[in-house]
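Below, each chain spelled out in residue letters.
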Amino acid sequence: MARSRSGTRGRRGPRKPPRRDAAFAGAAVSVAEPRERGAVDLPATITVKDLAELLSVNPADVIRELIKSGIFATINQLIDRDTASLVASELGYEVAEPQAQAAPSASDDGAEAPAEAATKEELFTEDAGDDLVTRAPIVTVMGHVDHGKTSLLDAIRSTTVAAGERGGITQHIGASEVAKGDRRVVFLDTPGHEAFTAMRARGAKVTDIAVIVVAADDGVMPQTLEAINHAKAAKVPIIIALNKMDKPDANADRVKTELTDAGVIVEEYGGDTPLVPVSAKSRLGLDDLFDMILLVADLQELKANPKRPAIGTIVEARLDRGRGPVATALVQTGTLRVGDVIVVGETFGKVRALENDHGKRIPKAGPATAAVILGLSEVPEAGDILRVVADEKAARTLVETRRAQAGSHAGDGTGRATLEDLYRQIQAGQAKELRIIVKADVSGSLGAIHHALEQLATDEVKLNIIHEGAGEISDNDIMLAAASNAIVVGFNTGISETARKAAESEKVDVRRYDIIYQLTDDIEKALTGMLEPEVVEVIEGRAEVRKIIRVGKNQVIAGSYVTDGRIVRTGTARLWRGGKVIATDRIESLRRFKDDVREVQTGFECGIQLVGTTDIVEGDVIECVTTQTVSRSLTS
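This section reports on the structure supplied with the text. (Residues numbered from 1 in each chain as written. Predicted model: local features only at pLDDT ≥ 70, side-chain atom pairs only at ≥ 80, totals over all residues. Heavy atoms only, no water.)

### Looking at the sheet that holds strand 21 (residues 462-470)
For clarity, the threshold we go by: Pairing between two strands is assigned when DSSP locates at least 2 bridges connecting them. Numbering of helices and strands runs from the N terminus; a helix is a DSSP stretch of H or I covering at least four residues, while a strand is a stretch of E covering at least two. Note on definitions: angles span 0 to 180 degrees between N-to-C directions of axes, and those axes are lines fitted to C-alpha atoms, for helices only across the stretch in contact.
Read from one edge of the open sheet, four strands run 21-20-22-23, paired in parallel fashion. In this open sheet, the two strands that pair with only one neighbour each are strand 21 and strand 23 (510-513). Between one strand axis and the next, the sheet turns through 25° on average, direction left out of account. By the bridge criterion, eight bridges tie strand 20 (residues 433-440) to strand 21 in an arrangement that is parallel. Looking at strand 21, one finds that valine 438 is bridged to glutamate 468.

### Considerations on the sheet that holds strand 9 (residues 275-277)
What links the strands of a sheet is backbone hydrogen bonding, and the strands pair in either a parallel or an antiparallel sense. Strands sit in the order 5-6-4-7-8-9 across an open sheet of six strands; the sheet is mixed. Pairing within the sheet leaves two strands with one partner each, and these edge strands are strand 5 (175-180) and strand 9. Within the sheet, the average angular offset between the axes of one strand and its neighbour, ignoring direction, is 30°. In the sheet, strand 5 pairs with strand 6 (residues 183-188) via six bridges, with the strands oriented antiparallel.

### Some words on the packing of helix 7 (residues 222-233) against helix 13 (residues 475-484)
Threshold: For classification purposes, an angle smaller than 35 degrees is called roughly parallel, one larger than 145 roughly antiparallel, one from 65 to 115 roughly perpendicular, and anything else oblique. If you view the pair so one helix is near and one far, a crossing is left-handed when the near helix is turned anticlockwise from the far one by less than a right angle, and right-handed when it is turned clockwise. Whether two residues touch is decided by their heavy atoms; if any such pair falls within 4.5 Å, the residues are in contact. Charged means Asp, Glu, Lys or Arg here, nonpolar means Ala, Val, Leu, Ile, Met, Phe, Trp, Tyr, Cys or Pro, and polar covers whatever is left, Gly included.
Orientation of helix 7 relative to helix 13, taken along the N-to-C sense of each, is 15°, at an axis distance of 10 Å. Between helix 7 and helix 13, the crossing angle belongs to the class labelled roughly parallel. Judged by the sense of rotation from one axis to the other, the crossing of helix 7 with helix 13 is left-handed. For the pair helix 7 and helix 13, the contacting residues are Glu226, His230 and Ala233 in the first and Asn476, Leu480 and Ser484 in the second. Partitioning the contact of helix 7 with helix 13 into residue classes produces two nonpolar, three polar and one charged.

This is how it looks when you write it as structure tokens:
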């Protein structure tokens, strides 16, 4: 996203084309409202000028969007369809699906799309053509603690080895590759939905399938629900692995019913979620689970073009004393080769060496392959997008642009949903859904809150409660909100310190209430554009009264020394004596010697006169207070 390393900037909705730039004032173009136009057909390549004419915008607008993505193009320069499509979308136009055409070759350097804003669909969108090949699915295993995630994954690995399948396994370079016959599956080695969502929040849409492990003897637990909601929020197909089926107290029917209550209807009950009974201990159903993963993958028709420049995601990275920055990348499309120049987040480098999971040097890594990369200038962060660029000059320019943009947006809070922004988005035709995460003190409160919020949906915006649970607001809730562009609502519950810091860092709107109608009122006001900003008090400073000067019969000037902060003429004064506030009054005048001043800083003397308070004695403390109107975005 300040730069949001989370990378979940949502696609902005249709908007009017930006104003014309003076540099192109001579180029007469007719500006049309994008929503009044149909889908735009884009060729495989197009010049900046022709794209501007096609979109009925000024060429400067196209160039401006390209610069935002780190692409410095001239008006007559060719850009590829992917880049043109992103520009058109940013300018509010719908882009028609591409017609069958040749895929770009590895030699096509092309213009770079904005890596940090890349979505899963953009990463995997390929031009139709003979170069497309079926790629291996990428799977994340999630579930409740102690339900057997690690044991199940280890069992799948060892089963393929014991069965003598060609290809064997790879492990512990951030991703594990399991082969069975001529088919491969790549498992992300994550500790669960926390890492899954943290990477997704940073723009890393790497998962094709989520396998959620549920213990047959324990049933659906709180972390099971979290994993399900995280997978749903990411729009990832779910497979339920019903583990520990060899235990005598296993109860599959109870688990299926609990899943139905959680909104996951298995195929046996008429739904579309596969459920596979397994046992990591006795190896029951492991082949069935593997086959189901391949079946779900086949239904998605996962394709990639190995001949194009590589795009991928950093899974993990570290600094090695002997080898420098070392990063494990999951190549998602294209082929990464030794010698390629790559941009990763805000760093770049030339691939000096590639290693597979066994530490063996390899010359290249194709789609759905994990490889260790040597040659980056700095250590990237997990979730950063990797892209191959034309040369080191282009890489350096792109990185410098990203760093400048990150600095210019630092702390601006853009890219996240807040209730204050919601009404403006509705008016602009951008907001269609308000996503909410609800946490309450006890589960009994959740039903009442859920029902109350459902009644607030409007024709313009629907409310989508993507996750709800009992307990304090956790950093995991914040990461889900960041990944899903949601707000977090707490009822009679606290927020952990790590969650509070994460909310500040990720610019997530967190609101806490202890009265339910206040909660619903705020949401309703936001939906109707009536949410009032919050007026907060700011203590500007304090001054100690050291001398009393009487002017006339009813006027007193307090000769004071500013001990802390500052005293401002427009502020309100609280008069403290003996640890108690004895008066609150407006400051009528503030002087330094004979001059009226606006403020007096720490360490200086001044004369303070209040509007109506004359009962001031030496030793009193005058506390200067002002008020500020701020957006109600984060309740501590």
